[in-house]
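# Analysis of the macromolecular model
The lines below spell out each chain.
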Amino acid sequence: MTSASPDRPSQRPYPTCREVLDFLMSYLDEELSPDQRHEFDRHLAVCPSCVNYLESYKTAVRLGKAVMVDPEQAAEEVVPESLLRAIREARTK
Amino acid sequence: MDHSAAPTADLLSPAHPAHPSSEDALAGIVERVRAGDHAAFDELVKIAGGRIIAVCRRMLGQDEDVMDVVQDTFLSAFKSISNFDGRSQFTTWLYKIAVNACLMRIRTRRRRRERSIDDFLPTFLDDGHQVDPTRPWKPCEAFGIERSDIRAFVRARIDELPEQYRIVLMLRDIEELSTEETAEALGMTVSGVKTRLHRARQALRGLMDPFFRSEEFPA
């Protein structure tokens, strides 16, 4: 992946897997320049390992979110009266 | 290899965004408290308390003293409310206090053994290739994230993250604070938060990888 692309010999070499994975979040957040993004896309087009990494990275984030938003916690919109009372008593001491 | 679609637009959109109306209501209550109407503080706790309880539970896990930390958070807020200058949203300011209260609590816990974050990050050859090519994961739809064993498994992997990485992951990906808000809450730079978040996500991926690889995932 470090050799120049045969069809675009004048361009820079492909970014390496290390470069792609180090800047993956910037890629996903669309913070890369168009040129950098193009280079990333060229790499991903020929590197199934990095594509697998990208997909599993996204899945890891999605799973983390999904499991931490607990329905029991979501139901806890009402602050317990005991807590309200404890705060009230503590601040009026 | 459909990697061209904008990947995070849906993935990272807020699942529980801040409620502008709540923020407006809080701003009014904060002004009343600052003006001496201390009883109004009860209303403030009722409106903001649920989210603060949730963030403390998530940051502290099964810690039995979660409610004590929530109480400490609001007492600190009450005592220092005159310092709230309104430049940030009140909930952001309150989050910072809650995060600090949680961090103080975490520091007093018996320190658990933590592995280095490097243990969970990808490794590379000298030429920049991955040492071990990444294999695809079984699709989420195939196992269902509603399964209690899957949820417990993922939670346990999050708990395994080194604390400073877990906290950033919690604030950015779970609590959905912005990078700037997270940086403010933790006293970090924006670029520092981005770097730490990326490593935390990579580490979480690495921790889950052996179990979610297609051929190894338990039925």
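Everything below is about the structure shown above.
Now for a quick tour of the structure. All values derive from a computational prediction rather than experimental measurement.

### With respect to the overall build of chain B
- When helices and strands are tallied, chain B shows 10 helices and 0 strands.
- Starting at the N terminus and ending at the C terminus, chain B contains elements arranged as α-α-α-α-α-α-α-α-α-α.
- When burial is assessed residue by residue, chain B has 47% of its 219 residues classed as buried.
- When contacts within chain B are restricted to residue pairs at least 6 apart in sequence, long-range pairs at least 24 apart make up 69% of them.
- Entry remark: accessible area of chain B is about 11100 Å², with carbon and sulfur atoms responsible for 50%.

### Some thoughts on the packing of helix H8 (residues 163-174) of chain B against helix H10 (residues 190-212) of chain B
Residues and elements named next belong to chain B.
- H10 packs onto H8 with a crossing angle of 100° between their chain directions and a minimal axis gap of 8 Å. Overall, the two elements H8 and H10 adopt an arrangement that is roughly perpendicular. Contact with H8, carried on its side by Gln164, Tyr165, Val168, Leu169, Arg172 and Asp173, involves Val193, Arg196, Leu197, Arg199, Ala200, Arg201 and Leu204 of H10 and no other residues of that element.
- Classifying every residue of the contact of H8 with H10 by side-chain character gives 7 nonpolar, 1 polar and 5 charged.

### Considering the packing of helix H3 (residues 41-60) of chain B against helix H5 (residues 90-108) of chain B
Residue and element names in this part refer to chain B.
- Viewed as axis vectors pointing N to C, H3 and H5 meet at an angle of 40°, and their least axial separation amounts to 10 Å. Judged on the interaxial angle alone, H5 and H3 are oblique. Of the two possible hands of crossing, H3 and H5 adopt the one that is right-handed. Every residue of H5 that contacts H3 at Leu44, Ala48, Arg51, Ile52, Val55, Cys56, Met59 and Leu60 is listed here: Phe90, Leu94, Tyr95, Ala98, Val99, Cys102, Arg105 and Ile106.
- When its residues are assigned to classes, the contact of H3 with H5 shows 14 nonpolar, no polar and 2 charged.

### Let's talk about the environment of B:Leu207
All names here are of chain B.
- Position of Leu207 among the secondary structure elements: in helix H10.
- Sequence separation between Leu207 and Val154 is 53 residues; the distance between their C-alpha atoms is 9.1 Å.
- Setting aside residues up to four positions removed in sequence, Leu207 forms contacts with Phe120, Arg157, Glu160 and Leu161.

### What about the interface of chain A and chain B?
- Between chain A and chain B, the residue contacts involve 54 residues of the former and 61 residues of the latter.
- The largest per-residue losses of area from chain A upon contact with chain B belong to A:Lys65, A:Met68 and A:Arg91, which jointly make up 13% of the total buried on that side.
- Our count for the contact surface shared by chain A and chain B stands at 4 salt bridges.
- One salt bridge connects A:Arg88 with B:Asp42, and the closest N-O pair in it is separated by 2.8 Å.
- One can count 18 residue pairs in polar contact (both at pLDDT 80 or more) joining chain A with chain B.

Conventions we followed
- Residues numbered from 1 in each chain as written.
- Chains lettered and ligands numbered in written order.
- Predicted model: local features only at pLDDT ≥ 70, side-chain atom pairs only at ≥ 80, totals over all residues.
- Heavy atoms only, no water.
- Helix = DSSP H or I, 4+ residues; strand = E, 2+ residues; numbered from the N terminus.
- Buried < 20%, exposed > 50% of the residue type's maximum accessible area, 1.4 Å probe, protein only.
- Contact = heavy atoms within 4.5 Å.
- Areas by Shrake-Rupley, 256 points an atom, 1.4 Å probe, with all protein chains shown as cover.
- Axes fitted to C-alpha atoms, helices over the stretch in contact; angles between N-to-C directions.
- Parallel < 35°, antiparallel > 145°, perpendicular 65-115°, else oblique.
- Nonpolar A, V, L, I, M, F, W, Y, C, P; charged D, E, K, R; others polar.
- Left-handed = near helix turned anticlockwise from the far one by under 90°.
- Buried area = accessible area lost by both parts, 1.4 Å probe.
- Salt bridge = Lys/Arg side-chain N within 4 Å of Asp/Glu carboxyl O.
- Polar contact = N/O pair within 3.5 Å; in protein donor to acceptor, adjacent residues only side chain to side chain.

By themselves, these observations are geometric and do not establish any function.
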